[in-house]
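Survey of secondary and tertiary structure
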Amino acid sequence: MIRLEEIVDEILSYNSDADVDYVRKAYIFSAKVHLGQKRQSGEPYLSHPIEVAMILAHMRMDVVTIAAGLLHDTLEDTPTTPEELNEFFGPDLTYLVQALTKISKIQFKTKEAQQAENFRKMIIAMGRDIRVIVIKLADRLHNMRTLEHLRPAKQEAISQETQDIYAPLANRLGIGWMKSELEDLCFKYLKPDKYREIEQQVAKRREELEEYIRDLKKIVERSLKEQGYTADVKGRPKHFYSIYLKMDRQKVTFDEVYDLLALRIILPDNDKTACYGVLGLIHSLWPPVAGRFKDYISVPKSNLYQSLHTTVLGPKGERVEFQIRTEEMDKVAEEGIAAHWKYKEKSSIGEKDDQRFAWLRQLMESQQDIKDDREFLDTLRLDLFSDVVYVFTPRGDVREFPRGSTPIDFAYSIHSDIGDQCVGARVNGKIVPLRQELETGDVVEIQTQTGHNPSRDWLKHVKTAKAKTRIKHWLKIEEHRQSVELGQELLEKELRRHNLPTSKLTKPEELGRILPEFNCPSDEQLFAEIGSGKVSSLAVVRALAPETVKAEEKSEKSFFSKLIKKTAKTPEKGVKISGIDNVMIHYSKCCSPIPGDEIIGFITRGRGITIHAADCPNVTGVAFDRERMVKVDWEQAEQAKIKAYTARITVFTVDKPGILAKITSAITESEANINQAQVSALEGKKAVCNFSVEIDNREHLGRLMKRIDQLDGVLEVKRVMS
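Here the structure is a predicted model, which is why all the values come from computation and not from measurement. (Residues numbered from 1 in each chain as written. Predicted model: local features only at pLDDT ≥ 70, side-chain atom pairs only at ≥ 80, totals over all residues. Heavy atoms only, no water.)

On to the overall build of the protein chain, then. Per the secondary structure count, the protein chain includes 30 helices and 20 strands. Residue pairs in contact within the protein chain that sit at least 24 positions apart in sequence constitute 65% of those at least 6 positions apart. Of the roughly 37600 Å² of accessible surface on the protein chain, 48% is carried by carbon and sulfur atoms. (Helix = DSSP H or I, 4+ residues; strand = E, 2+ residues; numbered from the N terminus. Contact = heavy atoms within 4.5 Å. Areas by Shrake-Rupley, 256 points an atom, 1.4 Å probe, with all protein chains shown as cover.)

Here it is as structure tokens:
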């Protein structure tokens, strides 16, 4: 176990004026309250906060952060209170520890809900003090290093969460070494077989790779010296997870992965021009691989990472990646946020730092509007995803977006109102569709129109969480408004149908009487429920005027019985009606049902029973007249085939001479009669032919359509049902 004085020595190595007694005091307090507690490994629990503190010291954090690392579990796992921490260590440290404490005392219905709430809390705390996530990352890193002591299911769950959230967070904060270590540890537990395979393959080649790196370093160092450059050259094999990703994405074996090596050239001072000079030198020594050059100095990543990346075909044809940067750039790349964060005003994000962490601000904004736990976690993963493009505003400001983002994402990144009112975009001076994906280096201008609103179709073309959340939020509000208007209209229509006073029965006091019956808190919500189809307008009228509706329904039932008797006669053969004999029937022209279709009968005032196809919209749409529907069936084939049934078909064809004659001949040869035909020309030398034909049943129609479909020049044949 690490000793306290090792942590103290590490702190003094980068800050000789540090108040190390404050850290000693935190160590003593932590040792006292965790006394007797054990980890799953059997070690004293104190070993964990000490390791976390040492990771923070290696990251060159301030003493308050390191002390908070020593105390980060005290509120959750010991009787310690926030008041005690505040008394001994002050409000700054107390806030950090409280922010790190999980929401473990609240009961949640699902594990997902608890996970989402913990992350919401963490994001809000990050917005106030970014050190919260730095400590949390150190905590997670040590837990991942000691994960072998947990059961397999727990190992997998923690590793998946780390891969989805914490490794991308480390990357966002610019802590590259931590991101790589977390990814390798997750890989070890999520895909153990693949991990062992790559580990063994690298071990076989380790000596060869290390010798190659030594020889390559000598060549580079000699060439740099000859050209007058002073630089530090470091070499290393790539980490296991990056090798696995390359194998998986390119569908290759380990032996086919060529760029296993990376060399870093670090130049003194902050001379950016020297970086480009060294780049030219490397390219003069070995040919660059096309498409593998990236300039993160001119266009830094959002986490402030700067470097030149190039891949070359080195000695013996090996692919080698070179990273060229200054000492200051390397410090930011290695230490991430700790290299530039200024602790002032209780570490709140100031205006300048706010620009550096725009992604965090957007993350905080979007999480406020997302209530669904699964959607929130998906949004969090999306916002932390590292595959990005960098585009410019017309003023030259750089903005970062997930790959696949469109001008709509860009518009919402400026302001929600700009996104809502976006009607067009110019990319690099040219008008482009809003669905066009942005590329690194694009200059984007947004065109707006006051009063314009988002489209549901936009959801297919946006990638950022802010855009998705805002569009869904607007659509939800708009759908609610439309449901309220439609619901009010349907209720008034239903009241008028029953000759009831609409102005009186839609007053708040009248509707207030029945709201509990429908579990609605307000009139508006009741209208919305009616408009969305969750509550029937007839059910509401029944509740408002039960005696009137009851009397009407009794009278109407009697009327239907009389109607059936009045219109009774010998029915047409072909249909039998369940429970009713000798009633007048006719076939609906809207859907033209034929034997073989599922059918339903509908009692029509003065006309007996009309036969419709079961899925006819004119029947399924009549929600308040279900009482008029009766069950009907086709009679047996030998009885039913006593008349011709009408069916309508549409034929799409190439517009050429003789095509209509071929179709009509095919209909005649199929023993069907044509009642009506209509032909229209379409654009692109195409035509549409509409026919009304007499057939025997569904099988007959099927044979006819197949015959037409086989004709040369026919593109499509379909039956028209409405």
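Alright, that's what it looks like, and here's the rest.
We now examine the sheet that holds strand S10 (residues 444–448). Taking strand neighbours across the sheet as the criterion, the three strands line up as S9-S8-S10 in an open arrangement whose pairing is antiparallel. Only two strands of the sheet have a single neighbouring strand rather than two, namely strand S9 (430–432) and S10. Taken pair by pair, the neighbouring strands of this sheet meet at an average axis angle of 35 degrees, ignoring direction. In this sheet, S10 lies alongside strand S8 (residues 422–427) in antiparallel orientation, the contact comprising five bridges. (Pairing = 2+ DSSP bridges. Axes fitted to C-alpha atoms, helices over the stretch in contact; angles between N-to-C directions.)

The next thing to look at is the packing of helix H11 (residues 176–190) against helix H12 (residues 192–226). H12 packs onto H11 with a crossing angle of 120 degrees between their chain directions and a minimal axis gap of 5 Å. If you check the angle between H11 and H12, you find them oblique. On H12, the residues that touch Asp184, Phe187, Lys188, Tyr189 and Leu190 of H11 are Pro192, Lys194, Tyr195 and Ile198. Considered class by class, the residues forming the contact of H11 with H12 number six nonpolar, no polar and three charged. (Parallel < 35°, antiparallel > 145°, perpendicular 65-115°, else oblique. Nonpolar A, V, L, I, M, F, W, Y, C, P; charged D, E, K, R; others polar.)

To continue, consider the nonpolar core. Counting residues in hydrophobic clusters, the biggest one holds 61 residues, and the most contacted among them are Ile7, Ile11, Leu56, Ile66, Leu93, Leu137 and Met178. Top contributing element to this core by residue count: helix H9 (residues 131–145), with eight residues. Counting 29 residues, the second-largest nonpolar core is a separate cluster that includes Ala647, Val651, Val693 and Ile695. (Core = buried A, V, L, I, M, F, W, Y, C linked by side-chain atoms within 4.5 Å. Buried < 20%, exposed > 50% of the residue type's maximum accessible area, 1.4 Å probe, protein only.)

Moving on, we get to helix H24 (residues 523–531). In terms of burial, H24 is largely enclosed, as seven of its nine residues are buried. For H24, the full list of buried residues reads Asp523, Leu526, Phe527, Ala528, Glu529, Ile530 and Gly531. On the buried face of H24, the contacting elements are helix H21 (465–497), helix H23 (508–514) and helix H25 (537–544). Positive phi shows up at glycine 533, right after H24, with a value of about 85 degrees.

Next up on the list: the pattern of salt bridges. Taken as a whole and judged by the stated rule, the model has 25 salt bridges. We note a salt bridge from aspartate 597 to arginine 698, for which the minimum N-O separation is 3.0 Å. Taken together, the residues span a long stretch of sequence, with aspartate 597 in the loop between strand S12 (585–587) and strand S13 (599–604) and arginine 698 in helix H30 (residues 698–709) at a distance of 101 residues. For aspartate 597, a relative accessible area of 6% corresponds to the buried category. Across the salt bridge formed by aspartate 712 and lysine 656, the nearest N and O atoms sit 3.3 Å from each other. Residue aspartate 712 is found in the loop between H30 and strand S20 (714–720), and its partner lysine 656 is found in the loop between strand S17 (645–654) and helix H29 (659–669); the two are separated by 56 residues along the sequence. (Salt bridge = Lys/Arg side-chain N within 4 Å of Asp/Glu carboxyl O.)

Right, let's talk about helix H1 (residues 4–14) for a bit. Looking only at H1, the buried set comprises Leu4, Ile7, Val8, Ile11 and Tyr14. Buried residues of H1, viewed axially, fall in a sector of 135 degrees; they line one side. Among the structural elements, helix H2 (20–33), helix H3 (47–58) and helix H4 (63–71) are those in contact with the buried residues of H1. (Arc of directions from axis to C-beta.)

What follows covers the sheet that holds S17. Sheet architecture is open: four strands sit in the order S18-S19-S17-S20, paired in antiparallel fashion. Edge positions in the open sheet fall to strand S18 (673–682) and S20, since each of these has one partner strand only. Direction aside, the axes of adjacent strands within the sheet are offset by 20 degrees on average. Two strands pair when backbone bridges link them, and S17 and strand S19 (residues 686–695) are joined in this way by 10 bridges, in the antiparallel orientation. Bridge pairing in S19 places valine 654 opposite lysine 686. H29 rests against S17, S18, S19 and S20 of the sheet, and its axis sits at about 20 degrees to S19.

For the rest of this paragraph, the subject is the side chain of serine 692. Within the fold, serine 692 resides in strand S19. Ignoring anything within four residues of it in the chain, the contact list for serine 692 reads Thr646, Ala647, Arg648, Asn673, Ile674, Asn675 and Gln676.

A separate point is the pairing of S18. Bridge count for S18 against S19 is nine bridges, and the pairing is antiparallel. The residue bridging isoleucine 674 from the neighbouring strand is valine 693, located in S19. Adjacent in sequence and paired antiparallel, S18 and S19 are bridged by three residues, among which glycine 684 carries a positive phi angle near 75 degrees.

A separate point is the packing of H2 against H4. Contact geometry for H2 and H4: axes closest at 9 Å, N-to-C directions at 5 degrees. Taken together, the axes of H2 and H4 lie roughly parallel to each other. Residues Tyr22, Val23, Ala26, Tyr27, Phe29 and Ser30 of H2 lie in contact with H4, whose contacting residues are Val63, Val64, Ile66, Ala67, Leu70 and Leu71. Its residues assigned to classes, the contact of H2 with H4 shows 11 nonpolar, one polar and no charged.

For the rest of this paragraph, the subject is a negative patch on the surface. A cluster of acidic residues, Glu221, Asp232, Asp269, Asp271 and Glu327, forms a negative patch at the surface. Note on placement: glutamate 327 falls in helix H15 (residues 327–335). (Patch = residues over 30% accessible without salt bridge, like charges linked within 9 Å, V, L, I, M, F, W, Y side chains within 5 Å. Lys, Arg positive; Asp, Glu negative; His and termini not counted. Charge placed at Lys NZ, Arg CZ, Asp CG, Glu CD.)

The next point concerns unusual backbone geometry. Phi at lysine 316 takes a positive value of approximately 65 degrees, unusual for a residue other than glycine. You can see lysine 316 is positioned in the loop between strand S4 (308–313) and strand S5 (319–326).

Inspection of the entire model under this criterion finds 13 aromatic pairs. Judged by centre distance (5.7 Å) and plane angle (55 degrees), the rings of phenylalanine 29 and phenylalanine 88 are tilted. One end of the pair, phenylalanine 29, is in helix H2; the other, phenylalanine 88, is in helix H6 (residues 82–89), and 59 residues separate them in sequence. Under the relative-accessibility criterion, phenylalanine 29 is labelled buried at 12%. Taking the relative accessible area as the measure of exposure, phenylalanine 88 reaches 37% and is therefore partly exposed. Pairing phenylalanine 401 with phenylalanine 410 gives two aromatic rings, centres 6.0 Å apart and planes at 40 degrees, and the pair type is tilted. The same class applies to phenylalanine 401 and to phenylalanine 410, which are both buried. Among the aromatic residues, those joined into a cluster by ring pairs are Phe187, Tyr195, Phe240, Tyr241 and Tyr244. Its guanidinium or amino end placed over the ring of phenylalanine 89, lysine 25 lies 5.5 Å from that ring's centre, counting from NZ or CZ. (Phe/Tyr/Trp six-rings, centres within 6.5 Å; stacked < 30°, edge-to-face > 60°. Lys NZ or Arg CZ within 6 Å of the ring centre and 35° of its normal.)

Next up on the list: the confidence of the model for the protein chain. Across the protein chain, the average pLDDT comes to 81, with 81% of residues at or above 70. Note on residues 103–108: pLDDT is under 50 here. Beyond four places in sequence and across chains, it has 10 contacts. Predicted confidence for residues 637–642 stays below pLDDT 50, and this span has six contacts to residues more than four positions away or in other chains. (pLDDT = per-residue confidence, 0-100.)

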